[in-house]
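In case you want the letters, here they are:
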Amino acid sequence: MKKSLKAALLVTVACAVASPALADFKQRNIRVSNGIAEDHPVHNGMDAMQQCLDEKTGGKMKMTGFWGGALGGDLQSTQSLRSGVLDSVVTSSSPLVGIEPALGVFDLPFLFRTNEEAYAVMDGEFGDYINEKLEKVGLINLAYWENGFRNVSNSKRPITKWEDFEGLKMRVMQNNIFLDTFSNFGANATPMSFGEVFSALETKAIDAQENPYVTIDTSKFFEVQNYISETKHTYTPFLFLFSKPIFDTYSPEEQAALRDCAVVGRDVERDVIQELNKTSLAKMEEAGLEFNVISPEEQQRMLEKSQEVYDTHKDEIGADVVEMVQSTLAEMRAQ
Ligand code: TK8
């Protein structure tokens, strides 16, 4: 055999061994819509996810992130997924309760106490159960990423007890559980999409908003706020959603690569958030914001005050759904 032919054959054989299933992957250009800014840890997670996809697919599946709501807000992008005109979105679960009411369970105030509790619920059977419900409304949740525990910022005063919310003009997500939670504390709560928050704070149309530290930092809300109070009133997941109509046209290998690599990205994203939480808070204090932490006793008072919010929303979320999470948590806490 001629030397060059032999060499060529060897290369072909080597490639076939290294990546036996490359034929199962097509060139894919996946648009990923994000409401948050480009320097949010979701970006680090997506880089890790991309590297994983490159390895699995020989560089065939490519994601492009769009940031700051460039492709539309959370709700709008999610609707575009359902109709198959957009591939993917990383969104908080909260604005989607109109599409899937069971997601409202995550919005119940003071449900989770730690990240570990949230991870155990989301990454386990319960998370799968919610994912099945999402599939029925045209959405594939590749994995639960993190937005995180939410804290309150405002331009008026420190929040040390629920009475301090009295009369605060407060932006809440487009979600009735949040609306009721803060109205119940006496705030003048207004639902608003994320993309409108900065200018509403800047023009003083609103006094207050609530989000995880890293989101308050990267979306620059702290630049137009004076107080930051650690309330940890809710843990909000980010869902890494994929359009079911588009997902259904992918090969099983492509689908598995997306799911597996979304988990790789999730772990990186969660880690980077834990790191950045500290730096984000330090940066905000350095910028002159007054910082306080509400006491565990006050958190308990807020939870008790919020029982009526649980009662009002339990049925629409699904009593079984709420009980499933509560019993998982009770088990964890008993250990
Ligand atoms: C980003 C949002 C945001 C959420 C909100 O798209 O709306 O306040 O917490 O992080 O999903």
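Residues numbered from 1 in each chain as written. Predicted model: local features only at pLDDT ≥ 70, side-chain atom pairs only at ≥ 80, totals over all residues. Heavy atoms only, no water.

For the chain, the name recorded in an unreviewed UniProt entry is TRAP transporter substrate-binding protein, with Thioclava kandeliae as its organism. If you open the UniProt record of the chain and go to Subcellular location (unreviewed entry), you find "Periplasm". (UniProt positions renumbered as here; feature names shortened; annotations may be inferred.)

Q: Give a detailed account of the overall build of the chain, specifying residues and quantitative values.
A: Of regular secondary structure, the chain possesses 13 helices and 11 strands. Its C-alpha atoms give the chain principal-axis dimensions of about 85 × 45 × 40 Å. With 335 residues in all, the chain has 53% of them scored as buried. At a minimum sequence separation of 6, the contacts of the chain that also span at least 24 residues come to 76%. Looking at the chain as shown, the accessible area adds up to about 14600 Å², and 52% of this sits on carbon and sulfur atoms. Here the chain holds 32 positive side-chain charges and 50 negative ones, and the gap between their average locations is 7 Å. (Helix = DSSP H or I, 4+ residues; strand = E, 2+ residues; numbered from the N terminus. Buried < 20%, exposed > 50% of the residue type's maximum accessible area, 1.4 Å probe, protein only. Contact = heavy atoms within 4.5 Å. Areas by Shrake-Rupley, 256 points an atom, 1.4 Å probe, with all protein chains shown as cover. Lys, Arg positive; Asp, Glu negative; His and termini not counted. Charge placed at Lys NZ, Arg CZ, Asp CG, Glu CD.)

Q: Before we move on, can you summarise the packing of helix 12 (residues 307–317) against helix 13 (residues 319–334) with the specific residues and values?
A: Running from amino to carboxyl end, helix 12 crosses helix 13 at an angle of 110°, the nearest separation of the two axes being 6 Å. Considering the angle they form, helix 12 stands roughly perpendicular to helix 13. Contact with helix 12, carried on its side by Tyr 310, Lys 314, Asp 315 and Ile 317, involves Ala 319, Val 321, Val 322, Glu 323 and Gln 326 of helix 13 and no other residues of that element. Residue composition of the contact of helix 12 with helix 13, by class: five nonpolar, one polar and three charged. (Axes fitted to C-alpha atoms, helices over the stretch in contact; angles between N-to-C directions. Parallel < 35°, antiparallel > 145°, perpendicular 65-115°, else oblique. Nonpolar A, V, L, I, M, F, W, Y, C, P; charged D, E, K, R; others polar.)

Q: Tell me what's going on with the environment of Glu 125, and back it up with residues and numbers.
A: With respect to the helices and strands, the residue Glu 125 is situated in helix 5 (residues 125–136). Spatially, the C-alpha atom of Glu 125 lies 29 Å from that of Leu 179, the residues being 54 residues apart in sequence.

Q: Provide a residue-level description of the environment of Asn 34, including the pertinent values.
A: Within the element layout of this structure, Asn 34 appears in strand 1 (residues 28–34). Placed 37 residues apart in sequence, Asn 34 and Leu 71 show a C-alpha to C-alpha distance of 7.8 Å. Not counting residues within four places of it along the chain, the set of residues in contact with Asn 34 comprises Val 42, Met 46, Gly 65, Phe 66, Trp 67, Gly 68, Gly 69, Ala 70 and Val 90. A polar contact is formed between the side chain of Asn 34 and the backbone oxygen of Val 32, at a distance of 3.5 Å. (Polar contact = N/O pair within 3.5 Å; in protein donor to acceptor, adjacent residues only side chain to side chain.)

Q: Go over the state of the cysteines with me, naming the residues and quoting the values.
A: All chains considered together, the criterion is met by one disulfide. Across the disulfide, Cys 52 is cross-linked to Cys 261 (sulfur-sulfur distance 2.1 Å). The disulfide joining Cys 52 to Cys 261 has a torsion of about -70° about its S-S bond and is therefore left-handed. Of this pair, Cys 52 sits in helix 2 (residues 42–57) while Cys 261 is found in helix 10 (residues 252–286), placing the two residues 209 residues apart along the sequence. The same class applies to Cys 52 and to Cys 261, which are both buried. (Disulfide = S-S within 2.5 Å.)

Q: Describe helix 13, listing the residues and the values that go with them.
A: With 16 residues, helix 13 should cover 22 Å at 1.5 Å per step; its first-to-last C-alpha distance of 22 Å lies within 8% of that length. Here helix 13 has its buried residues at Val 321, Val 322, Val 325 and Leu 329. Considered in projection along helix 13, the buried side chains sweep an arc of 100° and stay on one side of the axis. With respect to the buried face of helix 13, the exposed residues turned more than 90 degrees away are Glu 331 and Ala 334. Buried-residue contacts for helix 13 involve helix 4 (115–122), helix 5 and helix 12. (Expected span 1.5 Å × (residues − 1). Arc of directions from axis to C-beta.)

Q: Quick one: what's the story with the nonpolar core, residue by residue and with numbers?
A: Grouped together as the largest cluster of nonpolar side chains are 42 residues, with contacts concentrated most on Met 49, Leu 142, Trp 145, Phe 240, Phe 242 and Leu 258. If one sorts the elements of this core by residue count, helix 10 sits on top with six residues. Discounting residues that sit within four places of it in the chain, Leu 142 has contacts with Met 49, Phe 240, Phe 242, Phe 247, Leu 258, Arg 259 and Ala 262. Grouped together as the second largest cluster of nonpolar side chains are 35 residues, Val 97, Phe 126, Ile 177 and Val 325 included. (Core = buried A, V, L, I, M, F, W, Y, C linked by side-chain atoms within 4.5 Å.)

Q: Requested: an account of the environment of Ala 262, with residues and values cited.
A: Among the structural elements, Ala 262 can be located in helix 10. The class for Ala 262 is buried, based on a relative accessible area of 0%. In this view, Ala 262 contacts Met 49, Leu 142, Ala 143 and Trp 145; residues no more than four positions away in its chain are not counted.

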